[in-house]
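Structural overview for review
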Amino acid sequence: MASLAFRTAIRDALDEELAADERVILFGEDIAVAGGVFATTTGLYDKYGPERVFDTPISELALAGAAFGSAVTGLRPVVEIMFGDFLTLAMDSLVNQSTKYWFLTQEQVSVPLVIRSVVGAGGRFGAIHSQMPASWFMGVPGLKIACPSNPADAKALLKAAIRDDNPVLFFEHKRLYGLEGEVNGEPSRLGEAAVVREGSDLTIVTAMKGVHDSLEAAEALEQDRVSAEVIDLRTLRPFDLDTVLGSLHKTNRIVVVEEGPITGGWAGEVLASVTEHALGYLDDAWRIATPNTPIPYSPPLEDAFLPGGDRIASEIRRRLR
C-alpha cells in the first residue's frame, strides 16, 4: 500500500473522480492556477482545463449558489470554501435550497454537490479562521457531514461524497494535511464509524484531529491500567450509533471528545442518542470540548483551549476517581 500525505490523498480523490465522470467539476478561490492555498488541488487545472477546474471571485454565497444551480442541472460540483468559518456566508443556498430541493421536487431532482472546507484550531490562525462549524449544520435535514482523520479515509470518504446524490459537507482539519499514512484505495461509505483502538473500561468517541489526541490519551491511561476504546466517527451526520452502542456493551462508560464549544456541539447529540438507547447499562457519560469562548490567537492560550491528549487523559482520570 502506498503511503501518502493527507493533502495528497485529497488531491488524488479529486483527480480520480474528475477522470471517472465528466459531470464532476471543481471550483473555488485559488484552487485552479495556484493549486489551492493548502496545496490540495495542484495540477488539476493543467490536467482538466478551465471548463472543469476554475477559480472564482471571493463570494462564498455565489459559490454555493453556483454549486446548487449546476447540481440540479446535471453536473456534480465540488466546491472549496477556503475556511469553514466562512460557511455562514453560504447558508442560504446550502441550507434553504440545496438540502431541500429533493424534498420539494417530490424526490425527482437530486442535488449531488460537495462543499470542501478547512476547519479546526491549533494552527495560529486566530478566532475567525480556526472554528469548527459542524454544530452549525447538525440540525439540517438532507445534509451529510464527513470528517476524515487520516489519509486513507480522506480519499475514500471524499470519493464517496462526490458520488453521493445528496449535499455533503466535507471537513478537512488543517492540522492533518501533513499527516502521512497508508492508502489502500478501498471504497468507503458515509455513516460508518471505525474502532481505531480496542479497550474494555471506557469508550472515547471523537473525530478528525480528536482521534489522534484521544489515541495519545488512551496510551497515557494504559499506564494507569485504564483500557480505553477509541471510535473515529468519520461522519458526523449521519453518525454510526450502532458501532458506539456495540462498544458501550463492553465498557459501559463513554466520553465524547469534540473540538468545538461545549454548548450546542455535536458531542451533545451523540450523548443524547446514547442515553436514549443505552441508559439501562450506562454507568457514566460526559463531554470534553472547548470552552464557550472565541479561539485565542496566542499560542499558549490556543494550546490550553484545545482538548489535547494530556487534557483528555487528565479529565478521564479525574472522572474515574
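We now turn to the structure provided with this report. (Residues numbered from 1 in each chain as written. Predicted model: local features only at pLDDT ≥ 70, side-chain atom pairs only at ≥ 80, totals over all residues. Heavy atoms only, no water.)

What to know about the sheet that holds strand β6 (residues 144-146)
If you walk across this open sheet you meet the seven strands as β3-β2-β4-β5-β7-β6-β12, and the pairing is mixed. Each end of this open sheet is capped by a strand with a single partner; those strands are β3 (53-55) and β12 (235-237). In this sheet, neighbouring strand axes are inclined to one another by 20 degrees on average, regardless of whether the strands run parallel or antiparallel. Here two bridges tie β6 to β12, and the two strands are oriented antiparallel to one another. (Pairing = 2+ DSSP bridges. Helix = DSSP H or I, 4+ residues; strand = E, 2+ residues; numbered from the N terminus. Axes fitted to C-alpha atoms, helices over the stretch in contact; angles between N-to-C directions.)

Looking at helix α12 (residues 309-320)
For α12, with 12 residues, the first-to-last C-alpha span of 17 Å sits near the 16 Å given by 1.5 Å per residue. Buried residues of α12: Gly 309, Ile 312, Ala 313, Glu 315 and Ile 316, and no others. Down the axis of α12, the buried set is contained in an arc of 165 degrees. They therefore lie on one face. Pointing more than 90 degrees away from the buried face of α12 are the exposed residues Asp 310 and Arg 318. In this structure, the buried side of α12 is in contact with β10 (202-206), α8 (209-222), β13 (253-261) and β14 (284-290). (Expected span 1.5 Å × (residues − 1). Buried < 20%, exposed > 50% of the residue type's maximum accessible area, 1.4 Å probe, protein only. Arc of directions from axis to C-beta. Contact = heavy atoms within 4.5 Å.)

A look at empty space enclosed by the protein
Going through the model one piece at a time under the given rule, you end up with one cavity of 30 Å³ or more. The computed volume of the largest cavity comes to approximately 60 Å³. Mapped onto the lining of the largest cavity, the elements with two or more residues apiece are α8 and β13. When residues of the lining of the largest cavity are assigned to their parent elements, the largest contribution, three residues, is made by β13. Classifying every residue of the lining of the largest cavity gives five nonpolar, three polar and three charged. (1 Å grid on protein atoms, 1.4 Å probe; cavity = no way out; pocket = protein on both sides within 12 Å on 5 of 7 lines; lining within 4 Å. Points joined across faces, edges and corners; volume = space filled by probe spheres on them. Nonpolar A, V, L, I, M, F, W, Y, C, P; charged D, E, K, R; others polar.)

Considering the sheet that holds β13
Taken together, the five strands give an open sheet; going across it, the order is β9-β11-β10-β13-β14, and neighbouring strands pair in mixed fashion. Looking along the sheet, the strands with just one partner apiece sit at the ends: β9 (194-197) and β14. In this sheet, adjacent strand axes meet at a mean angle of 25 degrees when their direction is disregarded. Where β10 lies against strand β11 (residues 228-232), five bridges are found, and the strand directions are parallel. In the sheet register, Ile 204 faces β11, and the bridge partner there is Val 230.

Quick look at the pattern of salt bridges
As enumerated under the stated definition, the model contains 24 salt bridges in all. The closest approach of N and O atoms between Arg 317 and Asp 224, which form a salt bridge, is 2.3 Å. Residue Arg 317 is found in helix α12, and its partner Asp 224 is found in the loop between α8 and β11; the two are separated by 93 residues along the sequence. By relative accessible area, which is 25% here, Arg 317 ends up partly exposed. Residue class for Asp 224 comes out partly exposed when judged on its relative accessible area of 39%. For the salt bridge of Arg 319 with Asp 284, the shortest nitrogen-to-oxygen distance reads 3.0 Å. With Arg 319 in helix α12 and Asp 284 in strand β14, the pair connects residues that are 35 residues apart, well separated along the chain. (Salt bridge = Lys/Arg side-chain N within 4 Å of Asp/Glu carboxyl O.)

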